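# Topology and contacts: notes
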Amino acid sequence: MTQSVVVQVGQCGNQIGCCFWDLALREHAAVNQKGVYDEAISSFFRNVDTRVVGDGGSISKGKICSLKARAVLIDMEEGVVNEILQGPLRDVFDTKQLITDISGSGNNWAVGHRVFGSLYQDQVLEKLRKSAEHCDCLQCFFIIHSMGGGTGSGLGTFLLKMLEDEFPEVYRFVTSIYPSGEDDVITSPYNSILAMKELNEHADCVLPIDNQSLFDIISKIDLMVNSGKLGTTVKPKSLVTSSSGALKTRHQKPFDAMNNIVANLLLNLTSSARFEGSLNMDLNEISMNLVPFPQLHYLVSSLTPLYTLTDVNIPPRRLDQMFSDAFSKDHQLLRADPKHSLYLACALMVRGNVQISDLRRNIERLKPSLQFVSWNQEGWKTSLCSIPPVGHSHSLLALANNTCVKPTFMELKERFMRLYKKKAHLHHYLQVEGMEESCFTEAVSSLSALIQEYNQLDATKNMPVQDLPRLSIAM
Amino acid sequence: MRMVVFRGNTPSLWLSMSIVTVQLGQCGNQIGFEVFDALLRDSQSSHGLCCKRENEAYQASCKERFFSEEENGVPIARAVLVDMEPKVINQTLSKAAQSGRWKYGQHACFCQKQGSGNNWAYGYSVHGPRHEESIMNLIRKEVEKCDSFSGFFIIMSMAGGTGSGIGAFVTQNLQDQYSNSLKMNQIIWPYGTGEVIVQNYNSILTLSHLYRSSDALLVHENDAVHKICAKLMNIKQISFSDINQVLAHQLGSVFQPTYSAESSFHYRRNPLGIDWHVRPPSSGLPSLGKKSLNKDLHFNTSIANLVILRGKDVQSADVEGFKDPALYTSWLEPVNAFNVWKTQRAFSKYEKSAVLVSNSQFLVKPLDMIVGKAWNMFASKAYIHQYTKFGIEEEDFLDSFTSLEQVVASYCNL
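How each quantity is defined
- Residues take numbers from 1 onward in each chain, read along the sequence in its written order.
- All chains are assigned letters beginning at A, and all ligands numbers beginning at 1, according to the order in which they are written.
- Totals for whole chains, interfaces and linings use every residue, but because this is a predicted model, local features are given only for residues with pLDDT of at least 70 and side-chain atom pairs only at 80 or more, for both listing and counting.
- Calculated side-chain values reflect all of the structure's heavy atoms, with hydrogen atoms and water omitted.
- UniProt positions are given in the numbering used here, feature names are shortened, and annotations may be inferred rather than shown by experiment.
- Pairing between two strands is assigned when DSSP locates at least 2 bridges connecting them.
- Strands here are runs of E lasting at least two residues and helices are runs of H or I lasting at least four, both read from the DSSP assignment and numbered beginning at the N terminus.
- Here, residues are in contact when the closest pair of their heavy atoms is within 4.5 Å.
- Each axis is a line fitted through C-alpha atoms, and for a helix only the stretch in contact is used; angles between axes span 0 to 180 degrees, taken between their N-to-C directions.
- Each reported salt bridge corresponds to a side-chain nitrogen of Lys or Arg within 4 Å of a carboxyl oxygen of Asp or Glu.
- The scheme is simple: roughly parallel for angles under 35 degrees, roughly antiparallel for over 145, roughly perpendicular for 65 to 115, oblique for anything else.
- When the near helix sits turned anticlockwise from the far one by under a right angle, the crossing is termed left-handed; a clockwise turn instead gives a right-handed crossing.
- Only protein chains enter the calculation, and the probe is 1.4 Å; a residue is then buried if its accessible area is under 20% of its type maximum, exposed if over 50%, and partly exposed in between.
- As used here, buried area is the combined drop in accessible area, with a 1.4 Å probe, of two parts when they are placed together.
- Think of a polar contact as two N or O atoms within 3.5 Å of one another; within protein, one of them needs to be a possible hydrogen donor and the other a possible acceptor, and neighboring residues in sequence only count if both atoms come from side chains.
- Three categories are distinguished: nonpolar for Ala, Val, Leu, Ile, Met, Phe, Trp, Tyr, Cys and Pro, charged for Asp, Glu, Lys and Arg, and polar for the others, with Gly belonging to the last.
- Working definition: a ring pair exists when centres of Phe, Tyr or Trp rings (six-membered ring for Trp) sit within 6.5 Å. Plane angles under 30 degrees give stacked, over 60 give edge-to-face, the rest tilted.
- By definition here, charges over rings are those cases where NZ of Lys or CZ of Arg is within 6 Å of the ring centre and within 35 degrees of the ring normal.
- Delimitation of the domains relies on an automatic or database domain assignment.

As annotated in an unreviewed UniProt entry, chain A carries the name Tubulin epsilon chain and is attributed to Rhinopithecus bieti. In the Subcellular location (unreviewed entry) part of its UniProt record, chain A is described as follows: "Cytoplasm, Cytoskeleton, Microtubule organizing center, Centrosome". The record held by UniProt for chain A lists under Subunit (unreviewed entry) the comment "Found in a complex with TEDC1, TEDC2, TUBE1 and TUBD1."

Below you can see the structure in the form of structure tokens.
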């Protein structure tokens with residue numbers, strides 16, 4: 001079994017990270033009734049004997065003593081991290097895992113990337129090395145950050161290159177929150193595009209998510225919960241947005257509901273690697289199957305169901321509904337419509353009481369309405385994990401490598417160009433040492449090249465699939 | 001159930017009796033468990049429909065082939081379990097132990113922490129060589145435990161990374177180190193509509209490599225077994241457990257003891273026996289100009305068929321239909337291509353059961369499809385970087401395509 005380390009950077013990254021750790025503890029507590037430190041828990045948590053001073057005290061087996069998250073928390077402002085350390089999760093983190101500053105990055109990618117990057121390079125490296133040393137077999141770094149600000153965006157992508165150099169064999173999965181159109185940070189297009197160049201070059205896999213989609217999902221749930229439809233009630237623990245039943249009861253903050261969705265995404269992504277099932281899917285299988293070309297590594301995700309009704313009898317029709325929902329644009333965590341775009345590859349990660357025949361029946365049913373690229377007509381990767389998420393009897397995470405990410409990137413580029421044409425706010429960036437206009441032009445051309453790749457794929461969309469002439473053999 | 005035999009000569013000396021099973025990857029280990037369970041349950045069954053002495057001979061033969069015995073009498077499977085990550089092996093070991101009737105050997109497993117990532121290249125070029133010594137040692141220990149060793153039964157899937165890549169690597173090693181012993185590979189042919197997106201690449205790499213080192217490939221298609229569960233057994237929600245149990249049942253009915261035509265006094269010693277020589281004619285040989293009994297029916301042309309009958313009335317069963325020349329290629333006499341093994345002892349509580357093992361053109365269509373899909377994907381170079389990263393280059397792919405096109409052509413020409 002392998003371990004993963006979460007690197008949460010910036011305000012957004014840390015808030016999401018906090019929700020993640022809370023829900024991870026809740027999930028493991030539900031599964032692990034005996035309080036024994038097993039391999040599943042060890043994937044994200046260390047077991048530490050707190051009586052031992054210093055860094056020793058890691059316990060590899062036996063009863064759970066004190067669980068510590070395999071995490072590095074980085075923020076150039078103290079507010080969020082301090083709140084975590086004073087909150088109910090304080091025991092899950094070690095002060096040695098934190099890097100903070102006071103002044104913040106001022107929503108400026110260049111400050112995050114160049115100023116704080118060089119300032120904290122050694123410290124960050126040291127913390128990352130330490131966290132890697134605590135792992136028996138480190139497989140994956142999960143980076144959580146937002147694209148629109150300064151720290152998550154700048155410093156977050158700075159350490160991507162560092163991770164690639166220092167730990168070349170460890171996968172880099174990045175969960176990136178993209179700014180919505182109505183984002184209140186004016187320079188978010190600059191920050192995002194400068195960050196995207198780094199994601200293009202140094203990430204193995206990116207899960208782009210935007211706030212608007214998360215918000216829309218919450219509105220949908222609220223509508224459902226408050227409508228009192230058919231007299232049905234929703235199981236509180238099952239809400240993909242709630243922390244109900246989490247080990248630490250926290251005051252639900254405004255972004256908590258949205259952050260919980262992302263936290264659940266990460267839990268479901270790693271469930272088949274942590275828990276047993278009849279068709280396992282390890283994390284290294286994600287990029288193997290979903291990244292046909294190195295630069296096309298952006299995966300659109302959707303989670304279903306969003307809640308469970310308290311009605312225990314779930315007829316098969318409900319199960320099939322879960323599969324249908326996974327492909328609807330309302331359930332995507334990015335504003336994207338995969339059904340009407342071109343699939344390069346698709347992964348279905350199922351949890352709970354679902355068998356191979358259910359999976360196959362739904363693939364057969366949904367296939368005709370989806371368009372796959374000509375060289376990957378049957379491009380499905382599937383997994384079955386026996387353990388469902390808390391509050392559900394089954395769930396589905398769909399990951400799509402699909403040209404439907406293109407509109408997000410194109411919009412971002414448009415917003416960038418609107419600012420850049422007028423050179424608006426540019427001086428804030430250029431006054432940072434090492435920043436030149438070429439950084440901007442290179443970043444936008446990197447994005448343009450990516451968009452062009454998607455365009456070329458889209459152009460093949462309605463073309464008939466032809467079998468290529470095969471090798472002819474002399475007998 | 002069908003078999004592809006592609007070696008012309010068979011080892012001449014098969015006086016040995018025990019089979020060592022190598023279970024690789026999630027699929028191989030999940031199936032391996034079901035096979036041993038089915039074999040033992042059948043051998044211990046009291047519904048053999050034969051006399052006590054017959055039953056005892058059957059049990060003893062089955063036990064000797066697949067199990068060794070520990071002091072306290074619990075049979076230990078003659079198996080080596082290999083996987084690159086621990087979850088499945090742990091489950092498999094505990095399921096066996098929980099059954100109370102048999103178990104796996106304490107030191108029979110080889111496990112690592114991180115899987116092969118569905119990457120044949122990683123399994124074959126990285127994990128294989130890295131763990132070669134440990135794995136081969138485990139296998140050697142198991143072989144040494146056999147008084148009389150027959151050969152290897154290697155269970156693996158084609159679609160993933162470990163079963164396929166390490167399976168191919170290990171089979172190659174077995175060919176080098178145990179060239180006189182039979183190596184039979186149980187291959188799981190993946191569902192046509194993906195379990196793994198790169199399954200076609202993994203499959204062609206596996207098959208082309210196994211062709212060089214395996215003696216026989218026993219093929220089970222997931223789609224076919226799934227259909228059996230759905231249509232013949234009416235299972236509503238089919239799980240991999242169901243599928244694996246059907247598979248194990250079929251394998252059990254091939255491998256359990258039978259009498260050969262030559263000797264009706266004791267069970268045949270060689271469980272993996274393929275008794276026929278199959279040699280394609282050198283060019284210039286005229287076809288034998290046979291008359292077929294049934295001109296209207298069209299069969300997949302066979303080069304070898306084995307029928308195994310178990311239970312009631314086996315001695316009087318009429319198998320003449322299997323000798324119809326229409327079933328066979330023109331350069332084979334049916335009498336040379338057809339064999340029947342029998343035993344009165346019933347299998348798995350079925351009063352009468354029969355199994356057909358066939359080497360025929362049945363595989364042409366599925367193989368052609370996989371090669372075609374892999375070729376289309378290869379033309380776009382999709383996913384190739386994942387393989388070249390670990391030393392499997394485009395030329396290796398081309399070699400695989402070439403050798404499989406030859407297989408397809410050979411079978412088509414029958």
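So, on to the sheet that holds strand β6 (residues 103-104) of chain B. Residues and elements named next belong to chain B. Spatially, three strands are ordered β3-β4-β6 in an open sheet, and the strand pairing comes out mixed. Unpaired on one side and paired on the other, β3 (67-69) and β6 mark the two borders of the sheet. The pairing of strand β4 (residues 75-77) with β6 spans two bridges and is classified as parallel. The residue bridging Ile76 from the neighbouring strand is Lys103, located in β6. Packed onto the sheet, helix α2 (residues 52-66) meets β3 and β4 and runs at close to 95° relative to β3.

Right, let's talk about the pattern of salt bridges for a bit. Under the defined criterion, the tally for this structure stands at 30 salt bridges over all chains. Of the charged contacts in the structure, one is a salt bridge between B:Asp368 and A:Arg470, with a shortest N-O distance of 2.7 Å. Highlighted residues: B:Asp368 in helix α10 (residues 364-379) and A:Arg470 in the segment after α14 (437-459), drawn from two different chains. One salt bridge connects B:Glu394 with B:Lys381, and the closest N-O pair in it is separated by 3.9 Å. Highlighted residues: B:Glu394 in helix α12 (residues 394-412) and B:Lys381 in the loop between α10 and α11 (384-388), separated in sequence by 13 residues.

Further remarks concern the packing of helix α6 (residues 188-202) of chain A against helix α12 (residues 406-421) of chain A. Residue and element names in this part refer to chain A. It is at 8 Å that the axes of α6 and α12 come closest, and there the two elements cross at 125°. Judged on the interaxial angle alone, α12 and α6 are oblique. Once α6 is placed against α12, the crossing between them reads as left-handed. Contact residues: Ser188, Pro189, Tyr190, Ser192, Ile193 and Met196 in α6; Phe409, Leu412, Lys413, Arg415, Phe416, Leu419 and Tyr420 in α12.

Here the amide bond leading from A:Thr304 into A:Pro305 is cis, since omega sits at -10°, within 30 degrees of zero. Looking at the element boundaries, A:Pro305 is found in the loop between β9 (300-304) and α10 (316-326). For B:Asn234, which is not a glycine, the phi torsion comes out positive at approximately 55°. Along the chain, the position of B:Asn234 falls in the loop between α7 (222-232) and α8 (240-255). Using a relative accessible area of 52% as the deciding quantity, one classes B:Asn234 as exposed. Despite not being glycine, B:Lys349 shows a phi value in the positive range, around 70°.

Another aspect to go through is the interface of chain A and chain B. Across the contact, 55 residues belong to chain A and 54 residues belong to chain B. Interface of chain A and chain B: buried area, both sides summed, is about 4,400 Å²; carbon and sulfur atoms make up 53% of it. Where chain A touches chain B, the interface holds four salt bridges. A salt bridge links B:Lys113 to A:Asp136; the nearest nitrogen and oxygen atoms lie 3.4 Å apart. Run the count over chain A and chain B and you get 30 residue pairs in polar contact (both at pLDDT 80 or more).

Judged by how many residues are buried, strand β12 (residues 380-385) of chain A sits mostly within the fold: six of six residues are covered. On β12(A), burial covers both faces: A:Trp380, A:Thr382 and A:Leu384 on one face and A:Lys381, A:Ser383 and A:Cys385 on the other are all buried.

Residue and element names in this part refer to chain A. Within the open sheet, the six strands sit side by side as β5-β4-β1-β6-β7-β8. Their pairing is parallel. The two strands at the open ends of the sheet, each matched to only one other strand, are β5 (98-100) and β8 (205-210). Adjacent strand axes in the sheet meet at a mean angle of 15°, parallel and antiparallel pairs treated alike. Where strand β1 (residues 3-9) and strand β4 (residues 71-75) come together, four bridges link them in parallel fashion. Paired with Val6 across the two strands is Ala71, which belongs to β4. Helix α5 (residues 151-166) rests against β1, β4, β6 (138-146) and β7 (171-178) of the sheet, and its axis sits at about 160° to β6.

Time to look at the packing of helix α1 (residues 25-43) of chain B against α2(B). The description of two helices packed together rests on the angle between their axes and the distance between the axes. Residues and elements named next belong to chain B. Interhelical geometry of α1 versus α2 gives an angle of 160° and a closest axis separation of 9 Å. On the basis of their axis angle, the class for α1 and α2 is roughly antiparallel. α1 and α2 meet at a crossing whose hand is left-handed. Residue-level contacts link Phe36, Leu39, Leu40, Asp42 and Ser43 of α1 to Tyr58, Gln59, Cys62, Lys63 and Phe66 of α2. Residues of the contact of α1 with α2, tallied by class, amount to six nonpolar, two polar and two charged.

What follows deals with the packing of aromatic side chains. One pair of aromatic rings is described through two measures. These are the centre distance and the angle between the planes. Tallied over the entire structure, the rule returns 46 aromatic pairs over all chains. The ring of A:Tyr420 has A:Lys423 sitting right over it, with the charged end atom 4.5 Å from the ring centre. A cation over an aromatic ring shows up here: B:Lys381 above the ring of B:Phe378, its NZ or CZ 4.4 Å from the ring centre.

Attention now moves to the environment of A:Asp256. By secondary structure assignment, the location of A:Asp256 is in helix α8 (residues 256-274). Distance from A:Asp256 to A:Lys130, taken between C-alpha atoms, is 30 Å for residues 126 residues apart in sequence.

Moving on: the domain arrangement of chain A. Residue and element names in this part refer to chain A. By domain assignment, chain A separates into domain 1 (3-243 + 254-406) and domain 2 (407-460). For domain 1 and domain 2, the distance between their C-alpha centres works out to 26 Å. Across the boundary between the two partners, domain 1 contributes 37 residues, which contact 36 residues of domain 2. Together domain 1 and domain 2 conceal approximately 3,300 Å² of surface at their shared face, both sides included; 69% is due to carbon and sulfur atoms. A per-residue breakdown of the area domain 1 buries against domain 2 is headed by Tyr190, Ile193 and Lys406, which together make up 28% of the total.

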